[in-house]
Amino acid sequence: MSTDLERYILAHTSPEDPVLAELDRQTHLRVIQPRMLSGHLQGKILELLITLINPQYVLELGTFTGYSAIAMARGLSREGAVLHTVEINDELYDFAAEYIEKAGLRERIVQHVGPALEVVPQLGLCFDVVFIDADKREYPDYFRMLMDGGWVHSGSVILADNVLWSGKVTQEDIPQGDRQTLGLLEFNRMVRDDPRVEQVIIPLRDGLSLIRVK
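Residues numbered from 1 in each chain as written. Predicted model: local features only at pLDDT ≥ 70, side-chain atom pairs only at ≥ 80, totals over all residues. Heavy atoms only, no water.

If you check an unreviewed UniProt entry, the protein appears there as O-methyltransferase from Candidatus Rikenella faecigallinarum.

As structure tokens, then:
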């Protein structure tokens, strides 16, 4: 997408939440690899999807600095609806917590620190929406965990970010050392071939896979 086209799209999208705008700025100032942050366009899409789906329980794998968690929690409307977000990097916990508090969403967002494959089974919840944006090497394991572990149900929606990986998924002869690209390739094939789900890849930013459990 050209810069001019992206600028036009953002100019014709609902304004960014002030807390999220500040979080975006501070992430770029204080955190390594700030481009991992979802940003306004994707954040608004996530918020609207949550609003439309109206879930009770949402799971996020990969909190980073909390932008997408806050955006999605803004869309929660059901009484007692909660978003559980999991981040392996404990150094980011306080940063994300600061902005979750500023957004007034402490009662809506529960933060967890640790490997997602260990944390999720301990939660004991069946999720209506799952947003995957963590270690790309583990995407296939996340999908198996969710589908085989009973942590999603018929009608659940799984969203997986970065599934196009800057176009690397289309390259031939991926080096065996490139485990992130290989993980995404396996994940995309796994989702495509699983009769329990239906899916489409949306060419938003770095690719967003929209998956519905049948």
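Next, the rest of the story.
### With respect to the sheet that holds strand E3 (residues 109–113)
What counts, and what does not: When DSSP finds two or more bridges between two strands, those strands count as paired. A run of H or I in DSSP becomes a helix once it reaches four residues, and a run of E becomes a strand once it reaches two; helices and strands are each numbered from the N terminus. Between N-to-C directions, angles span 0 to 180 degrees; the directions come from axes that are lines fitted to C-alpha atoms, helices contributing only their stretch in contact. Any two residues whose heavy atoms approach within 4.5 Å at even a single point are treated as in contact.
Spatial ordering of the open sheet is given by E3-E2-E1-E4-E5-E7-E6, a layout of seven strands whose pairing is mixed. The two strands at the open ends of the sheet, each matched to only one other strand, are E3 and strand E6 (197–202). Across the sheet, the mean angle from the axis of one strand to that of its neighbour is 15 degrees, orientation sign disregarded. Across five bridges, strand E5 (residues 152–161) lies against strand E7 (residues 208–213) in antiparallel orientation. Note that in E7 the partner of Val-157 across the bridge is Arg-212. Sheet strands in contact with helix H3 (residues 40–53) are strand E1 (57–61), strand E4 (127–132), E5 and E7, and its direction is about 175 degrees off that of E5. Along the sheet, helix H7 (residues 139–149) contacts E1, E4, E5, E6 and E7; its crossing angle with E5, the most-contacted strand, is approximately 165 degrees.

### A few points about the nonpolar core
This is how the line gets drawn: Among buried residues, those of type Ala, Val, Leu, Ile, Met, Phe, Trp, Tyr and Cys that are joined through side-chain atoms within 4.5 Å constitute a nonpolar core. Three labels apply to residues, based on accessible area from a 1.4 Å probe with only protein chains included: buried if under 20% of the type maximum, exposed if over 50%, partly exposed otherwise in between.
Grouped together as the largest cluster of nonpolar side chains are 33 residues, with contacts concentrated most on Leu-59, Ile-132, Leu-146 and Ile-158. Within the residue set of this core, elements represented by two or more residues are E1, helix H6 (116–123), E4, H7, E5, helix H8 (179–193) and E7. Looking at this core, the element that brings in the most residues is H7, giving six residues. Sequence-distant contacts of Ile-158, defined by excluding residues within four places in its chain, comprise Val-130, Ile-132, Phe-143, Leu-146, Met-147, Val-152, Ser-209, Leu-210, Ile-211 and Val-213. Within the second largest apolar cluster, 32 residues are counted, among which are Leu-83, Ala-103, Ile-109 and Leu-208.

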